[in-house]
Amino acid sequence: MEKILRFSGIDCANCAAKLEKKLGKIKNVDSLTLSFLASKILVVAKDEHMEEVINEIYEVCKKNEPEMSFR
């Protein structure tokens, strides 16, 4: 299953790259791409894990980029 999460609050491409690397280490993520320019995260995970994965994405983002918010 694919899910797109739109965000705001990251103003540095380097910060976005570091965050993408951390998000890619989340358990049960098949693939994850963070687009700084488009302000979106594309995450692929199995249906049964998607809710857990999204919650973990929110937690990692809140911890590493406190100014980041999701739309």
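Whatever comes next refers back to the structure up there.
In this report, we go over the structure that sits alongside the text. Bear in mind that the values here come from a model prediction, so they are computed numbers and not experimental data. (Residues numbered from 1 in each chain as written. Predicted model: local features only at pLDDT ≥ 70, side-chain atom pairs only at ≥ 80, totals over all residues. Heavy atoms only, no water.)

A few points about the nonpolar core
(1) Moving on: Counting residues in each nonpolar core, the largest one holds 20 residues, and the members touching the most others are Leu19, Leu23, Ile41 and Ile57.
(2) Moving on: In this structure Ile57 touches Leu5, Leu23, Ile26, Leu32, Ile41, Val43 and Phe70, once residues within four positions along its chain are discounted. (Core = buried A, V, L, I, M, F, W, Y, C linked by side-chain atoms within 4.5 Å. Buried < 20%, exposed > 50% of the residue type's maximum accessible area, 1.4 Å probe, protein only. Contact = heavy atoms within 4.5 Å.)

Some remarks on the pairing of strand β3 (residues 40-45)
(1) Moving on: Strand direction decides the pairing type here: strand β1 (residues 2-8) and β3, joined by 5 bridges, are antiparallel. Bridging across to β3, Leu5 finds its partner in Ile41.
(2) Moving on: Joining the antiparallel neighbours strand β2 (residues 29-35) and β3 is a turn of 4 residues, in which Ser39 adopts a positive phi near 55 degrees. (Pairing = 2+ DSSP bridges. Helix = DSSP H or I, 4+ residues; strand = E, 2+ residues; numbered from the N terminus.)

Re the sheet that holds β3
(1) Moving on: Read across the sheet, 4 strands follow the order β2-β3-β1-β4 without closing on themselves; strand pairing throughout is antiparallel. Either end of the sheet is taken by a strand with one partner, and the two such strands are β2 and β4 (69-70).
(2) Moving on: Judged from the 2 bridges that link them, β1 and β4 form a sheet pairing that is antiparallel. Along β4, the bridge assignment pairs Ser8 with Ser69.
(3) Moving on: Docked against the sheet, helix α1 (residues 13-23) engages β2 and β3, running at close to 170 degrees with respect to β2.
(4) Moving on: Strand contacts of helix α2 (residues 50-64): β1, β2, β3 and β4, with the helix running at about 145 degrees to β3, the strand carrying the most contacts. (Axes fitted to C-alpha atoms, helices over the stretch in contact; angles between N-to-C directions.)

Some details on unusual backbone geometry
(1) Moving on: In this structure, Asn28 is a non-glycine residue whose phi angle is positive, near 75 degrees.
(2) Moving on: Structurally, Asn28 is set in the loop between α1 and β2.
(3) Moving on: Asn28 gets classed as partly exposed once you look at its relative accessible area, which sits at 25%.

Without other data, these values stay purely geometric and don't point to any function.
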